[in-house]
Amino acid sequence: MHMKTTFKQENQHLVMAFEGRLDTAASTQAEEDMRVLYDCEGKDIILDCTNLEYISSSGLRLFLGLIKIARPKGSHVYLTGLNNDLRQVFDETGFTTLFEML
Amino acid sequence: MKTTRQTTNLSSIAVLVVAALLLELTTAVQYFSTRSSITRQLTEMAQRDLSETGNTAELKRKVEHATTQMLPTIERLMACHATDSLRLHIAQILREHVEIVGFDYCLTKGSNGRPDGIYIYKDDQTGTPTEQHIEFDFTKRSWYSEGLKGDGFWSEPYMSNYKVILMCTYSRPVRDPQGNVIAVLGADVPLNELSALATQLYDNQQRSLKPIVLLHVLGLLLLAFIMFRSIRNIRRLQDIGDEKERIANELSIARRIQQAMLPKTFPPFPEREELDLFASLTPAREVGGDFYDFFMRDDKLFFCIGDVSGKSVPAALVMAMARSAFRMLSEHETAPKSIISQMNDSMARDNEYNMFITLFIGVLDLPTGNLRYVNAGHKAPIINLHTLPIAPNLPIGTLLDFDYAVQETVIESGSTIFLYTDGLTEAENVEHEQFGIERMQKVCFEASEQAASPKVLIGQMTEAIHNFVGDTEQSDDLTMLAIRYTQRASQRKPRLILTLPCDINQTPRLSEWIEGVCETAGLSPSATMQVNLALEEAVVNVMKYAYPNGNEGEVQIEATADKEWLHFIITDNGQPFDPTKQAEADTTLSVEKRSIGGLGIHLMRRYMDSIHYERLGNRNILTLRKRIVSRN
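Residues numbered from 1 in each chain as written. Chains lettered and ligands numbered in written order. Predicted model: local features only at pLDDT ≥ 70, side-chain atom pairs only at ≥ 80, totals over all residues. Heavy atoms only, no water.

Turning next to the domain arrangement of chain B. One can read the domain layout of chain B as domain 1 (53-190), domain 2 (262-489) and domain 3 (493-627). Computed from C-alpha atoms alone, the centre-to-centre distance between domain 1 of chain B and domain 2 of chain B is 113 Å. (Domains from an automatic or database assignment.)

Structure representation (structure tokens):
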């Protein structure tokens with residue numbers, strides 16, 4: 001597949017790394033992968049996008065869905081490693097203001 | 001204008017003066033002729049009276065006697081230069097004779113060496129003798145000239161110089177001791193009865209003079225009034241002339257403004273090889289109710305031609321409104337039905353003056369040649385010598401909420417669409433014969449034989465009408481619009497087409513294909529990502545919403561590129577679905593308030609330069625366009 005996620009639990013953080021293209025086709029699997037983050041219990045979440053090449057609105061929806069669940073539980077959701085093109089997509093959609101950028 | 005007004009004033013015053021002078025002259029001539037004729041009549045009567053009446057003979061004798069009796073005394077007093085005593089003597093005699101009203105005493109040589117005389121007469125009120133120097137030339141009077149000669153002369157009756165009475169004068173010469181005549185003594189005898197009559201007649205004339213003078217003054221006043229009125233009217237006419245000139249001036253400005261509203265640069269889209277277009281509008285008056293318009297948006301040519309009921313200014317106002325409405329609406333609306341319905345409703349709502357417009361609106365999709373049109377009671381356009389089929393729709397402005405029928409056809413490459421207003425077919429010659437559809441079709445046919453451009457076609461049509469109507473005045477606005485459509489060369493190149501089944505898991509295939517297309521077109525990786533994102537959103541939308549029941553259809557994506565633009569046409573056979581009508585996500589809301597949807601259309605608009613939807617038959621057609629920017 002074009003898309004791969006890696007989940008890691010560190011001391012106080014939950015880290016998920018995205019690799020490849022998070023398009024509509026990949027979003028079904030990605031949604032499954034991201035369920036693990038829903039049990040954050042107040043721990044901060046870091047979404048590592050260093051190797052993310054592409055994201056469409058389906059992927060953005062997953063991110064928005066996550067933040068809607070995690071924030072009421074007292075968790076912060078951080079984004080890191082966005083390349084310029086993706087950063088622009090986040091800017092265009094107003095998502096930059098929803099997340100805390102590392 | 002000022003000089004003209006002054007000239008008019010001067011000539012009016014001249015006329016007034018001449019008329020007044022004429023009036024005066026007539027009155028004067030009348031007055032004097034009346035007076036002289038009365039005098040003549042009275043003199044004749046007096047003569048008759050003098051010769052026939054016994055009383056008169058007695059009177060004459062008394063006067064002759066009195067005068068003759070005076071002479072020795074007078075001659076004696078003259079000899080010793082006792083002038084004062086002479087006057088007293090004459091006055092004394094005058095008192096004694098009631099029949100004599102006065103004496104003339106005239107020296108042949110006075111103190112200045114010339115004849116000089118005095119007149120001693122009875123004062124009207126007191127009867128006291130009064131002396132007066134004779135101012136008129138008495139030497140011409142018969143009583144003087146004849147009096148010098150003989151021994152007593154009676155003059156003809158004449159009108160006194162001093163009062164209004166007829167008189168006769170008996171005169172005798174006065175001699176010095178040597179017997180030389182040195183003076184003439186004249187006794188004035190009034191012809192009493194006759195005089196009374198004369199006085200009466202004369203007074204009558206005087207009295208009748210008053211009404212004459214009064215009438216005269218009234219006449220002058222009337223004349224002045226007439227002149228005043230005519231001057232004022234002339235001025236008013238001039239003011240009307242000024243006003244007329246002003247209105248004409250304003251109308252010509254209005255004409256320029258109206259003409260400026262219509263696109264007049266031809267060819268209007270020199271960069272579009274597929275399109276050649278020409279139009280002409282000739283109003284019958286300064287301004288008119290015909291109009292046409294066209295403009296290009298998103299690879300579509302929007303055009304219209306219309307004819308407002310009526311002519312001149314009212315029609316022009318409605319025309320301006322309609323043309324603006326067309327422009328405004330077609331900036332946003334693509335469907336001709338939507339454009340015409342809104343125009344109709346806005347016009348029909350407040351249509352106090354029952355104005356209406358026959359209107360044809362066409363939207364020509366340039367990549368496909370698809371023409372969608374709606375005809376609101378206008379003349380059917382001609383396409384390739386055939387009349388375009390038209391549905392029976394009402395002119396706009398007639399009925400609120402009227403359901404306009406939209407029609408559709410595909411224009412073949414090389415076709416010419418010719419639109420016109422009834423000013424063309426109904427142009428009349430001197431015999432009231434109309435230009436008619438057949439003559440028009442003939443010109444269209446000839447132009448098509450020569451493969452004439454729209455400009456040439458309209459030129460030939462104009463010439464044909466001029467030849468037909470000759471010198472007959474143009475009675476209606478005349479408007480023509482010709483469009484020639486040639487499908488663009490690039491469209492004939494092998495197209496890049498990807499057909500996907502309705503399955504959202506196919507997006508990786510789409511990505512691969514898009515990367516290839518963008519690579520060929522020379523797009524940068526960033527731009528490629530943007531195109532990919534926009535196309536994915538568009539295709540996924542189709543899969544989700546045009547085919548809501550699952551994997552039952554196909555989505556076709558076609559890519560074309562020219563030097564400047566990269567076009568993608570996404571076609572499906574699903575349910576009507578217009579993504580451009582979808583609400584966009586509000587990207588400024590907080591996490592809690594943001595909904596999940598609306599991101600797709602938002603990204604499509606962000607990353608493509610234009611996005612366009614149309615429903616053609618049972619297909620949804622979405623055209624997206626991206627400007628090609630070089631890698632560097």
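Further remarks concern the interface of chain B and chain A. Frequently, the measure chosen for interface size is the accessible area removed from exposure when the parts meet. Taken residue by residue, the interface counts 30 residues in chain B and 25 residues in chain A. Here chain B and chain A share an interface that buries about 2300 Å² over both sides, 56% of which is from carbon and sulfur atoms. Taken as a group, Met529(B), Val591(B) and Ile596(B) account for 25% of the area that chain B buries against chain A, more than any other trio of residues on that side. In this structure, Glu92(A) engages Arg606(B) in a salt bridge whose closest nitrogen and oxygen atoms are separated by 3.5 Å. Linking chain B with chain A are 12 residue pairs in polar contact (both at pLDDT 80 or more), by the criterion used here. Mapped onto the side of chain B that touches chain A, the elements with two or more residues apiece are α12 (507-521), α13 (525-546) and α14 (599-607) of chain B. Considering every element that reaches the side of chain B that touches chain A, the biggest residue donor is α13(B), with 10 residues. (Contact = heavy atoms within 4.5 Å. Buried area = accessible area lost by both parts, 1.4 Å probe. Salt bridge = Lys/Arg side-chain N within 4 Å of Asp/Glu carboxyl O. Polar contact = N/O pair within 3.5 Å; in protein donor to acceptor, adjacent residues only side chain to side chain. Helix = DSSP H or I, 4+ residues; strand = E, 2+ residues; numbered from the N terminus.)

Attention now goes to the sheet that holds strand β16 (residues 415-420) of chain B. Residues and elements named next belong to chain B. Pairing is antiparallel across the open sheet formed by five strands, whose spatial order is β8-β17-β16-β13-β14. Here the strands that pair on one side only, and so sit at the sheet edges, are β8 (275-282) and β14 (386-387). Across the sheet, helix α9 (residues 436-449) is in contact with β13 (382-383), β14 and β16; its angle to β16 comes to roughly 150°. Sitting on the sheet, helix α10 (residues 454-469) touches β8, β16 and β17 (478-485), and the angle it makes with β17 is about 150°. (Pairing = 2+ DSSP bridges. Axes fitted to C-alpha atoms, helices over the stretch in contact; angles between N-to-C directions.)

The subject of this paragraph is the pairing of strand β7 (residues 181-190) of chain B. Residues and elements named next belong to chain B. When you tally the buried positions in β7, you get eight out of 10 residues, the bulk of the element. In the sheet, strand β1 (residues 102-107) pairs with β7 via six bridges, with the strands oriented antiparallel. Each residue of the ladder has a partner; that of Tyr105, found in β7, is Leu185. Where strand β6 (residues 166-175) folds back on β7, the antiparallel hairpin that results is connected by five residues, among which Gly179 adopts a positive phi of roughly 90°. (Buried < 20%, exposed > 50% of the residue type's maximum accessible area, 1.4 Å probe, protein only.)

Residue and element names in this part refer to chain A. Within the open sheet, the five strands sit side by side as β1-β2-β3-β4-β5. Their pairing is mixed. Every other strand in the sheet has two partners, leaving β1 (3-9) and β5 (100-101) as the edge strands with one partner each. Two elements, strand β2 (residues 13-22) and strand β3 (residues 44-55), share nine bridges in a ladder whose sense is parallel. Bridging from a neighbouring strand, Val15 pairs with Ile46 of β3. Each of β1 and β2 is contacted by helix α1 (residues 24-34), which is oriented at about 165° to β2, the strand it contacts most.

Let's shift gears to the pattern of salt bridges. All names here are of chain B. According to the stated counting rule, one finds 24 salt bridges over all chains in the structure shown. Across the salt bridge formed by Lys140 and Asp137, the nearest N and O atoms sit 3.3 Å from each other. Taking relative accessible area as the criterion, Lys140 reaches 68% and is therefore assigned exposed. The class for Asp137 is partly exposed, based on a relative accessible area of 43%. Residue Lys300 pairs with Asp365 through a salt bridge whose shortest N-O separation is 2.8 Å. Placement of Lys300 in strand β10 (residues 300-308) and of Asp365 in strand β11 (residues 357-365) is noted, with a sequence separation of 65 residues between them. The exposure class assigned to Lys300 is buried, which follows from its relative accessible area of 1%.

This paragraph deals with unusual backbone geometry. All names here are of chain B. Following Phe266, the chain continues to Pro267 via a peptide bond in cis, the omega torsion being -5°. Structurally, Pro267 can be placed in the loop between α5 (192-261) and β8. With a phi close to 50°, Asn354 is a non-glycine residue in the positive phi region. Within the fold, Asn354 resides in the loop between α7 (336-349) and β11. Relative accessible area serves as the criterion here: at 61%, Asn354 is assigned to the exposed category.

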